[in-house]
Amino acid sequence: MFGNDWDELLGDELKKPYFKELMSWLDQEYAEHTVYPPREFLFQALKLTSYADTKVVILGQDPYHGPGQAHGLSFSVLPGIKIPPSLRNIYKEMSSDLGVPVPHSGTLTPWAEQGVLLLNNVLTVRAGQAGSHHGRGWETFTTAVIEVLNRRAEPMVFILWGAPAQKKGAIVDKERHEVITSAHPSPLAARRGFFGSRPFSRANDFLSRHGQTPIKWESL
């Protein structure tokens, strides 16, 4: 399903009744409604960032629900799509934190390819209906992904923006892993602690201290 080490690590999860029910329900949703992301991008985060390669986890909520935006990576949009407000604020903070230009592309695939797992809490949404696929089983699946990562001996960074992400990441062992929290980058919350939180340099400092190659955040 994923084409990498996640296949074995999540194999038991994929066999559980709740997951089979979720997949069956999704078949119907995709058949009867416009659902984002397109089916081929459903597990893009796990396909692009293997378990072994994961260095940083950035947790989002659910996919963008506008046309042509979502492609399976949290906060990321497809090439050529206008950069959404939360991602604009992420870029502003990155520019301030690292002293780099604000990127022109909203596609975060280069982060994923360097080991940044861009995971949403819920992986699908109906067009124009934010939160419409909550409570269907995705939350259980993505918690299982976090649990697998948390058990890994090699330390990594979890970036948790906003209360929902922080609640989701409560299971992370802060003795082994670095957990960076702040307000959410959305326009409603960014000025309450997101701006100035310097998550990008802090993540790279942690990776460097633990003998890992830092992320080239500006390579977009």
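Here, every reference points to the structure presented above.
Residues numbered from 1 in each chain as written. Predicted model: local features only at pLDDT ≥ 70, side-chain atom pairs only at ≥ 80, totals over all residues. Heavy atoms only, no water.

Caption draft 1: Representation of the pairing of strand β5 (residues 157-161) within the structure. For β5, the buried fraction is high: 5 of the 5 residues fall into the buried class. Where burial is concerned, the two faces of β5 agree: the one with V157, I159 and W161 and the one with F158 and L160 are both buried. Sheet topology note: the strand β2 (residues 56-60)/β5 ladder contains 4 bridges and is parallel. Paired with I58 across the two strands is I159, which belongs to β5. (Buried < 20%, exposed > 50% of the residue type's maximum accessible area, 1.4 Å probe, protein only. Helix = DSSP H or I, 4+ residues; strand = E, 2+ residues; numbered from the N terminus. Pairing = 2+ DSSP bridges.)

Caption draft 2: Inspection of the sheet that holds strand β3 (residues 116-120) at higher detail. The parallel open sheet is built from 4 strands, whose spatial order is β3-β2-β5-β6. The outermost strands of the open sheet, each flanked by one partner alone, are β3 and β6 (178-182). Put simply, the sheet's adjacent strands are angled 20 degrees from each other on average, direction ignored. As judged from the 5 bridges shared by β5 and β6, these two strands associate in the parallel manner. Considered in β6, the bridge of W161 is made with S182. Sitting on the sheet, helix α9 (residues 199-209) is in contact with β2, β5 and β6, with an inclination near 165 degrees to β5. (Axes fitted to C-alpha atoms, helices over the stretch in contact; angles between N-to-C directions. Contact = heavy atoms within 4.5 Å.)

Caption draft 3: Inspection of the pattern of salt bridges at higher detail. Evaluated as defined, the whole model comprises 5 salt bridges. Note that D173 is salt-bridged to R176, the shortest N-O span being 3.2 Å. The exposure class assigned to R176 is partly exposed, which follows from its relative accessible area of 29%. (Salt bridge = Lys/Arg side-chain N within 4 Å of Asp/Glu carboxyl O.)

Caption draft 4: The side chain of K168, seen in detail. Turning to its location among the elements, K168 is positioned in helix α8 (residues 163-168). The side chain of K168 sits in the buried core without any salt bridge; E139 is the nearest counter-charge, 6.9 Å away. A distance of 2.7 Å separates the side chain of K168 from the side chain of N121, its partner in a polar contact. Within the structure, the side chain of K168 is placed 2.6 Å from the side chain of T142, a separation counted as a polar contact. Each residue touching K168, except ones within four places of it in the same chain, is listed here: L59, N121, E139, T142 and T143. (Lys, Arg positive; Asp, Glu negative; His and termini not counted. Polar contact = N/O pair within 3.5 Å; in protein donor to acceptor, adjacent residues only side chain to side chain.)

Caption draft 5: Focus on the pairing of β2. A large share of β2 lies buried, amounting to 5 of its 5 residues. Burial of the side chains of β2 extends over both faces: V56, I58 and G60 are buried on one face and V57 and L59 on the other. Direction of pairing for β2 relative to β3: parallel, over a ladder of 5 bridges. Note that in β3 the partner of I58 across the bridge is L118.

Caption draft 6: Summary view of the packing of aromatic side chains. The full count for this structure, using the stated rule, is 13 aromatic pairs. Pairing F43 with W138 gives two aromatic rings, centres 5.8 Å apart and planes at 70 degrees, and the pair type is edge-to-face. Note that F43 is positioned in the loop between β1 (35-36) and α4 (44-48) and W138 in helix α7 (residues 138-150), a separation of 95 residues in sequence. Take F43 and W138: they sit in the same class, and that class is buried. Seen in terms of ring centroids, W138 and F141 are 6.0 Å apart; in terms of plane orientation they differ by 65 degrees. Their pairing is edge-to-face. Of this pair, W138 and F141 both sit in helix α7, separated by 3 residues, roughly a single helical turn. Aromatic ring contacts, followed pair by pair, group F2, Y18, F19, F43, W138 and F141 into a single cluster. Over the face of the ring belonging to Y51 we find R152, whose NZ or CZ atom lies 5.7 Å from the ring centre. (Phe/Tyr/Trp six-rings, centres within 6.5 Å; stacked < 30°, edge-to-face > 60°. Lys NZ or Arg CZ within 6 Å of the ring centre and 35° of its normal.)

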